[in-house]
Amino acid sequence: MMSFHALHGRARRVCMRMSTIGVLLLVSVLAGCSLPSSGAVHVVDIAGQTSEPIGLTAQPPRQDATPEQIVQDFLVAQRAGFDDEFSVARQYLSSKAAADWDPAAQTRVYPNDQAFSTSLQPDGGVRVTVGSAGSVDKNGVFSESAPDTVMTSDFSLARDADHQWRIVALDDGIFLSVHLFETLYVRTPLYFLNADKSALVGDVRWYPTNSAATFAVRGLLEGASDWLAGAVHTAIPAGTTLQNSVSVQDGEALVNLSSDVLSASADDQRLLHAQIAQTLSAVANIESVEVRASNSTLPADDIPDLPTYPYGTYSLAVLAHGVPATVRQSVVSAALPGSSTSAIAKLSLESLAVSYDGNNPVFAALNDAQTQLYTMSASSPQPRSVLTSDEVIAPSFDQWGFIYSGRTINDGVVSAISRSGSVVPLKVPWLKGATVLGVRVSRDGSRLAVSYTADGTNTFALAGIQRDDQQNPTAISDPFTIANSLTSVKDFAWAGEDSLVVLGSSGASGRESLFMVRQGAPTEELMQPFTGTIGLTAGRGRDSLTLITAENTAYALQGSGFRLLATDVTSVAYPG
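Computed from a predicted structure; not experimentally measured.

1. Points about the overall build of the protein chain
Next, step 1: When helices and strands are counted, the protein chain shows 10 helices and 40 strands.
Next, step 2: Relative to a compact globule of 576 residues, whose C-alpha radius of gyration would be 25 Å, the protein chain shows 26 Å and is just as compact.
Next, step 3: Taking the principal axes of its C-alpha atoms as reference, the protein chain extends roughly 95 × 60 × 40 Å.
Next, step 4: Looking at the protein chain as a whole, 56% of its 576 residues qualify as buried.
Next, step 5: Look at the contacts in the protein chain between residues 6 or more apart in sequence, and 57% of them connect residues 24 or more apart.
Next, step 6: On the protein chain, roughly 23,200 Å² of surface is accessible, and the fraction owed to carbon and sulfur atoms is 48%.
Next, step 7: For the protein chain, the distance from the average position of its 36 positive side-chain charges to the average position of its 56 negative side-chain charges is 4 Å.

Given below as structure tokens:
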């Protein structure tokens, strides 16, 4: 197997021209690959797979093969490269191209039901075209393709000293079908610490299955992705390196780090152990982890058991006749004193959000004109206006009680509103001029999911929420775009540590459906929504999914269908 740095080295581009034949290898995104338009799609937990990788055998070039045959056979040979360090695949290249080609620069993933289309070009080069499901960059980060995207690559060839055709110019990277990709790679969250070190936050990567443990630890030592780095922390001292590959025997992983970790405090050593152990738990068959520093074992007592999804048990919140209420066992109960009912009902509230304060939750909602954001609670039942604009974004709470909102026609600012009502403007230049359809804060408080449209295009993205030592939000990072296969989003909610349930549409059909969107992973279609669904909420997992319809009725997911939960309600919300 190639070393981590060899496999994930910087992309190199081959710029070679020969008078006899050739065009520069290009990869261009032209249009996408749509999700299925009907039928249920089941989410597969790649990290939980325990089967051994399938064996692939590469064949060397055929004698007197044509340029098209050379390219076609090369595409087959590069699939087996993880077993032979791409040695056979390089036999299809000239000596210089073989030395320059970096197969780890990018893994381009195409749908299982598509095959390569090859054609001989006028200049003698070979063009390869195939639909695109997504790609993985040199750091293991997956990006999903937009609908109907296709990948096109042009290969330049020339005859060698034996008069055999060989590839002399090609793009770095390899092609894999979705099936082979999910077999040869494992989805691996790298776990970092949230703002108050009370939870772990995953930065999802994909690594070759047969050496994922080593890749994962090295990725953890290198740090979080740029968009997330300012929002999370690590207990691993800067400069720490992995002394050798991670060994795994009988379910135990041995991680030998440099002596840098000895400079960390005892508490930080426990935290870094927790980060490494949770990261490696995503790799199949690893049950325990021993961490060493220059071959000296670090103490493994009192390792904190940090949650990856800090979410408890809560009642569903609703707006019943315009007033916040709760639902327990299908019984709707008032959440606020009756004396406040009249004043609140006059506001015709919508877009309810609720805080994580189980004993005395704070409710936030918009008036029917969407020009005012109000808050109220059992201890302060009179509605208080905390934000006014021409059109206000539906609110979302973080675990420290901040409410996130702003202007729908955005001015490049997301507003964070404290419990006291003070407004913290957070600059988000990439939203300036966009129409924001919704924002949702992750349960750990480190990420903001945003759905917005700009120039007629719908975008779904995650951004890191940076905070000071008191967990006050101070900045929003640049975005990391996810769910590129979705063409519209109506509503969404966090349902897991790195997953959201989305009501939206995908592909040319425009048919509305429910999707599971996972950070750094392909979007999965779950099922068709209940007829007339206009919004949703979720708590923990898909089974917590609750829908609200235009007929003011709430339904809860039960098995493969929905059961009636409440009537005469106009909004549903779990905390967040």
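On we go.
2. Things to note about the confidence of the model for the protein chain
Next, step 1: Confidence in the prediction of the protein chain, expressed as mean pLDDT, is 89, and 90% of residues score 70 or more.
Next, step 2: Scored below 50 in pLDDT, residues 1-53 makes 155 contacts in the model with residues more than four places away or belonging to other chains.

3. Concerning the side chain of T279
Next, step 1: Within the secondary structure, T279 sits in helix α9 (residues 266-280).
Next, step 2: Non-local contacts of T279, meaning those with residues more than four positions away in its chain, are made with T188, P189, L190, Y191, A216 and L220.

4. Topic: the pairing of strand β26 (residues 423-427)
Next, step 1: Here strand β25 (residues 413-417) runs beside β26; their pairing, made up of five bridges, is antiparallel. Its bridge partner lying in β26, V413 is registered against K427.
Next, step 2: Taking the residues that link successive antiparallel strands as the turn, the β25-β26 hairpin has five residues, and the phi of G421 there is positive, at about 100°.

5. Quick word on the packing of helix α7 (residues 212-222) against α9
For any two helices packed against each other, one specifies the crossing angle of their axes together with the interaxial distance.
Next, step 1: Direction vectors running N to C along α7 and α9 enclose 145°, while the axes themselves pass 10 Å from each other. Considering how the two elements wind past one another, α7 and α9 form a crossing that is right-handed. Residues A213, A216, V217 and L220 of α7 touch α9, and the partners they reach there are Q275, I276, T279 and L280.
Next, step 2: A per-class count over the contact of α7 with α9 returns six nonpolar, two polar and no charged.

6. So, the pattern of salt bridges
Next, step 1: Inspection of the entire model under this criterion finds 17 salt bridges.
Next, step 2: A salt bridge links D543 to R542; its shortest N-O distance comes to 3.6 Å.
Next, step 3: Residue class for D543 comes out exposed when judged on its relative accessible area of 57%.
Next, step 4: According to the relative accessible area criterion, R542 is partly exposed, its value standing at 31%.
Next, step 5: Each of D390, R407 and D411 takes part in a single network of salt bridges with overlapping partners.

7. Some thoughts on the sheet that holds strand β15 (residues 296-297)
Next, step 1: The strand order β12-β13-β14-β15 describes an open sheet built from four strands, whose pairing is mixed. For this open sheet the edge positions go to β12 (247-249) and β15, each flanked by a neighbour on one side alone.
Next, step 2: Strands in contact with α9 are β13 (252-257) and β14 (288-293); relative to β14, the strand with the most contacts, it is inclined by about 135°.

8. Examining the sheet that holds strand β35 (residues 524-527)
Next, step 1: With antiparallel pairing, the four strands of this open sheet are ordered in space as β32-β33-β34-β35. Of all the strands in the sheet, just β32 (486-494) and β35 have a single pairing partner and so form its edges. In this sheet, adjacent strand axes meet at a mean angle of 40° when their direction is disregarded.
Next, step 2: With seven bridges joining them, strand β33 (residues 499-506) and strand β34 (residues 512-518) adopt antiparallel strand pairing. Looking at β34, one finds that L503 is bridged to L514.

9. Concerning α7
Next, step 1: For α7, the buried fraction is high: 10 of the 11 residues fall into the buried class.
Next, step 2: All of the buried residues along α7 are A212, A213, T214, F215, A216, V217, R218, G219, L220 and L221.
Next, step 3: G223 sits one or two residues past α7 and shows a positive phi near 105°.

10. Things to note about the nonpolar core
Next, step 1: Core analysis: the largest hydrophobic core is formed by 54 residues, its most contacted members being V255, L257, I276, L280 and F460.
Next, step 2: Element by element, the count of residues in this core is highest for α7, at seven residues.
Next, step 3: Non-local contacts of F460, meaning those with residues more than four positions away in its chain, are made with V450, S451, F480, T481, I482, A483, V489, F492, L500, V502 and V517.
Next, step 4: Core analysis: the next-biggest nonpolar cluster, separate from the first, contains 40 residues, A58, I174, L180 and Y185 among them.

11. Thoughts on the packing of aromatic side chains
Next, step 1: Counted by the stated rule, this structure contains 22 aromatic pairs.
Next, step 2: Here F142 and F181 contribute two aromatic rings whose centre-to-centre distance is 6.1 Å and whose plane-to-plane angle is 25°, an arrangement assigned as stacked. Taken together, the residues span a long stretch of sequence, with F142 in strand β6 (residues 142-144) and F181 in helix α6 (residues 178-184) at a distance of 39 residues. Summarising the burial analysis for this pair, F142 and F181 share the class buried.

12. Let's talk about the environment of L319
Next, step 1: For L319, the location among the structural elements is in strand β16 (residues 316-320).
Next, step 2: Linking L319 and A335, residues 16 residues apart in sequence, is a C-alpha distance of 9.8 Å.
Next, step 3: Not counting the four nearest positions on each side in its chain, L319 is found in contact with P324, L349, E350, L352, D568, V569, T570 and S571.

13. Observations concerning the pairing of strand β28 (residues 447-454)
Next, step 1: β28 sits mainly inside the fold: six of its eight residues count as buried.
Next, step 2: Strand direction decides the pairing type here: strand β27 (residues 435-441) and β28, joined by six bridges, are antiparallel. The residue of β28 that forms the bridge with T435 is T453.
Next, step 3: Connecting β27 to the antiparallel partner β28 that follows it, the hairpin turn spans five residues, and G445 within it adopts a positive phi of roughly 80°.
Next, step 4: Pairing between β28 and strand β29 (residues 457-467): eight bridges, direction antiparallel. Each residue of the ladder has a partner; that of Y452, found in β29, is T459.
Next, step 5: Where β28 folds back onto β29 in an antiparallel hairpin, the turn is made up of two residues, including D455, whose phi is positive at roughly 55°.

Thresholds, definitions, all that
Residues numbered from 1 in each chain as written. Predicted model: local features only at pLDDT ≥ 70, side-chain atom pairs only at ≥ 80, totals over all residues. Heavy atoms only, no water. Helix = DSSP H or I, 4+ residues; strand = E, 2+ residues; numbered from the N terminus. Rg over C-alpha atoms; globule rule 2.2 N^0.38 Å. Buried < 20%, exposed > 50% of the residue type's maximum accessible area, 1.4 Å probe, protein only. Contact = heavy atoms within 4.5 Å. Areas by Shrake-Rupley, 256 points an atom, 1.4 Å probe, with all protein chains shown as cover. Lys, Arg positive; Asp, Glu negative; His and termini not counted. Charge placed at Lys NZ, Arg CZ, Asp CG, Glu CD. pLDDT = per-residue confidence, 0-100. Pairing = 2+ DSSP bridges. Axes fitted to C-alpha atoms, helices over the stretch in contact; angles between N-to-C directions. Left-handed = near helix turned anticlockwise from the far one by under 90°. Nonpolar A, V, L, I, M, F, W, Y, C, P; charged D, E, K, R; others polar. Salt bridge = Lys/Arg side-chain N within 4 Å of Asp/Glu carboxyl O. Core = buried A, V, L, I, M, F, W, Y, C linked by side-chain atoms within 4.5 Å. Phe/Tyr/Trp six-rings, centres within 6.5 Å; stacked < 30°, edge-to-face > 60°.

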